[in-house]
Amino acid sequence: MIRELGLDFYRFSLSWTRILPTSFPDQINEKGVQYYNNLINELLKYNIQPMVTLYHFDLPQKLQDLGGWNNPHIVDWFTDYAKVVFELFGDRVKYWISFNEPREICSHSTQDPPQGSSYSVSGYADYMCAKNLLVAHANVYHLYNNEFRKVQGGQLGITISSAWHEPESEKDTQAAEDIRQFEMGIFANPIFSESGDFPSVVKERIAMKSKKQGFPRSRLPQLSPKEVDLIKGSFDFFGLNHYTTYIVYRNESVHGHYSSPSFNDDVEVMTYQEGSWDSGASLWMKRVPWGFHKLLTKIREDYNNPPVFITENGFSTRGGLIDDDRVKYYRTYIDAMLDAIEDGSDIKGYAAWSLMDNFEWVMGYSECFGLYEVDHESPERTRTPRKSAYVYKEMLRTRTLDYHYEPDMSLGMKIDDN
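Residues numbered from 1 in each chain as written. Predicted model: local features only at pLDDT ≥ 70, side-chain atom pairs only at ≥ 80, totals over all residues. Heavy atoms only, no water.

> How should the sheet that holds strand β8 (residues 270-272) be read in this particular structure?
In any sheet, the strands associate via hydrogen bonds between backbone groups, in a parallel or an antiparallel arrangement. If you walk across this open sheet you meet the three strands as β5-β7-β8, and the pairing is mixed. Each edge of the open sheet is held by one strand with a lone partner, namely β5 (164-167) and β8. Taking each pair of neighbouring strands and ignoring which way they run, the sheet shows an average axis angle of 40°. Here helix α9 (residues 173-192) sits on the sheet in contact with β5, β7 (245-249) and β8, set at roughly 165° to β5. (Pairing = 2+ DSSP bridges. Helix = DSSP H or I, 4+ residues; strand = E, 2+ residues; numbered from the N terminus. Axes fitted to C-alpha atoms, helices over the stretch in contact; angles between N-to-C directions. Contact = heavy atoms within 4.5 Å.)

Here it is, written out as structure tokens:
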């Protein structure tokens, strides 16, 4: 499928326990190593660069039982795991992502793993997790920088997810900026800003709320000056997952609306999406390409124009091969990205989510993001290219965005290794 589309690179994620079955480097699973070697070598055989994510929600159960990302010792556990991975695959992998979506790792216990854990938008555990994850990322960045970069010559970044948050009116400008800082800035600011550390609005709001709630100190753990320096600048690129946009407002109804203390109570905003926006199969999925442009502009302006890889962008349907809504989504979002490049944004690459239909957490297989449809009734799990796959392939082949191109799907997909 990757060769059929003519992709330049392929992003995939490692399973920690597939490589280290005990969670620690005392045992290495040779069959797991061979699995990834086979994949990496086959990609390179056809001149497709692997982009490898070290951690994509897949925490070993043994470490979760020890407190998971709320246990500060996980910084060492993750660094040990990363070192093994660099030693095994770093001679061939030149693009590394430490974490996929730190916000989701630390907060979305209702949808993403680990279900039923202490992770939640509690206003305690999510902030503890955020600090440990940032320090772990920085540790691994400096490990790569100091021990592997000179010989292996690769790059390492982090992938942060963010919607765009648009103020409902001029009086909601601060409310929209607040949620941007709480959702994206809490992870991006310590790494990508010139000053480092958590955003000032995040620190001040949580400290103020904590004091009112009777806590002796802020629920947001402090980053020491040493930690601020460790984390600041620990990137070669900014990985961005983006799908949609929300309208933000703040009025009297928000006070007392959320349980206290909690992340949502700390932010104190309400969000919604316009009914007129094109909808996907997911409740939250709306097509708003101008939001993508605004987000890319903000990253350029706030973080001194870092190199950006769009590591996920895509649209959900309920299935079917004629997916004109997905085609429209990709065309308009890539168009918005090209506008951002013309404005000066340093965007290095774009990855569609996803190559084929996959397991969408609590939604199972009911929501389809794939360029290729998977037949789950077939024992072979047959993959068939959708219309969007043909359009995407033509876009890559011609390096042009043609809104009028209509593929002849009766011809089928062909591989062109030239």
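> Help me understand unusual backbone geometry, please; the structure alone is not making it clear to me.
Negative phi is the rule for most residues except glycine; trans is the rule for most peptide bonds. With an omega dihedral of -5°, the bond running from S260 to P261 counts as a cis peptide bond. Within the element layout of this structure, P261 appears in the loop between β7 and α12 (263-267). Positive phi, normally seen in glycine, also occurs at N47, with a value near 60°. Locating N47 in the fold gives a position in the loop between α3 (30-45) and β2 (49-55). On the accessibility criterion, N47 (63% relative accessible area) is exposed. At E268, a position not held by glycine, the phi torsion is positive, near 55°. A relative accessible area of 14% places E268 in the buried class. (Buried < 20%, exposed > 50% of the residue type's maximum accessible area, 1.4 Å probe, protein only.)

> Whenever I open this one, the sheet that holds β2 confuses me. Can you help?
Sheet architecture is open: seven strands sit in the order β1-β2-β3-β4-β6-β11-β12, paired in parallel fashion. Among the strands making up the open sheet, the edge pair consists of β1 (9-13) and β12 (347-350). Across this sheet, the average inter-strand angle for adjacent strands is 25°, counted without regard to direction. Relative to strand β6 (residues 238-241), strand β4 (residues 155-161) runs parallel, the two sharing four bridges. Bridging from a neighbouring strand, I158 pairs with F238 of β6. Set on the sheet, helix α7 (residues 125-147) makes contact with β2, β3 (95-100) and β4; between it and β4 the angle comes to about 160°.

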